[in-house]
Amino acid sequence: ILNVEQSPQSLHVQEGDSTNFTCSFPSSNFYALHWYRWETAKSPEALFVMTLNGDEKKKGRISATLNTKEGYSYLYIKGSQPEDSATYLCAFSDGNKLVFGAGTILRVKS
Amino acid sequence: DAGVTQSPTHLIKTRGQQVTLRCSPKSGHDTVSWYQQALGQGPQFIFQYYEEEERQRGNFPDRFSGHQFPNYSSELNVNALLLGDSALYLCASSLRRLDYNEQFFGPGTRLTVL
C-alpha cells in the first residue's frame, strides 16, 4: 500500500514569513511527484510536476525540491502573503493514479 | 477554454439510495479519474476511465461504478449509499499520451448521506 505523508498538518504564519512543508513518499517505483494548491470552494490547482531526482522548480515566490532516492519533497513559500492561505497537497504518481497525502493547511495572517 | 466541470455542486441522499455524479473534462483531454475526499484526508483514487473503459481501480467496493461517454465525459454511480459515503467527490482529467500524468481537477461534488 502506497503511503504519502505530509507535515506539518497545519501552519499559521505572519505575512512576510517564509515557510516550508514536507512530503514523504515511497522511494521505489517512482514516476512523478505532484504539488497542488487548494483554496476552499475551488478546484485544486496544479503547482508543480516533478520527475527527476534533484529537480528544483519555481513559480513566483513558491519553489519545490525533489529527492527520489530518500523519498521526500519540500515546498517553500518565500514572503508569505494572505492570498497564499490554502491547503497544499502532494501526490505520488505511479503513472496512472495519484496517491495523495492529507495536505498541509497554511494560514497567513496580515 | 473551460476547465473541468462537475455537477451537481451539492447533493443530499438517504442511506440505501443511489446517486449519479457527472464530470466534463477539460477540452482536449481523453482520460477521467475520480477521487473521494473524506473529511481530514487527502483525495483517494476510485477509478480511471480511458476509451470508455475502466483502466485502473482503487480500493473501493463494487457499489462504486462509472462510465465514460464518447465525448469523454464521465459519470460516477454509487449504489446502496452508506453514511460513510459522505464526502467530496473530485473528478480529474488528463491527456493520456502526455508524460507525467498531469491531472486537472474540477471543484467537486459534495455528497451528504443521511
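Residues numbered from 1 in each chain as written. Chains lettered and ligands numbered in written order. Predicted model: local features only at pLDDT ≥ 70, side-chain atom pairs only at ≥ 80, totals over all residues. Heavy atoms only, no water.

Participant: Before we go on, may I ask you to explain the interface of chain B and chain A in this structure?
Facilitator: By convention, interface size is frequently given as the accessible area that disappears when the constituent parts associate. In this complex, chain B contributes 20 residues to the contact, which on the side of chain A involves 21 residues. Along the contact surface separating chain B from chain A lie zero salt bridges. Taken together, the connections running from chain B to chain A amount to four residue pairs in polar contact (both at pLDDT 80 or more). For the side of chain B that touches chain A, the secondary structure elements donating two or more residues are strand 4 (31-37), strand 5 (44-50) and strand 9 (87-94) of chain B. (Contact = heavy atoms within 4.5 Å. Salt bridge = Lys/Arg side-chain N within 4 Å of Asp/Glu carboxyl O. Polar contact = N/O pair within 3.5 Å; in protein donor to acceptor, adjacent residues only side chain to side chain. Helix = DSSP H or I, 4+ residues; strand = E, 2+ residues; numbered from the N terminus.)

Participant: Even after reading the chapter, I still don't get the pairing of strand 9 of chain B, so can you show me in this structure?
Facilitator: Remember that side chains alternate between the two faces of the sheet whenever the strand is regular. All names here are of chain B. In terms of residue burial, strand 9 counts as a mostly covered element, since eight of its eight residues are buried. Here strand 9 shows a buried face lined by Ala 87, Tyr 89, Cys 91 and Ser 93 and a second buried face lined by Leu 88, Leu 90, Ala 92 and Ser 94. Where strand 4 lies against strand 9, seven bridges are found, and the strand directions are antiparallel. Within strand 9, the residue paired with Trp 34 across the bridge is Cys 91. Direction of pairing for strand 9 relative to strand 11 (residues 109-113): antiparallel, over a ladder of three bridges. Within strand 11, the residue paired with Leu 88 across the bridge is Arg 110. Pairing of strand 9 with strand 10 (residues 104-105), which is carried by two bridges, proceeds in the antiparallel orientation. Opposite Ala 92, over in strand 10, you have Phe 105 as the bridge partner. (Buried < 20%, exposed > 50% of the residue type's maximum accessible area, 1.4 Å probe, protein only. Pairing = 2+ DSSP bridges.)

None of this, on its own, says anything about what the molecule does.
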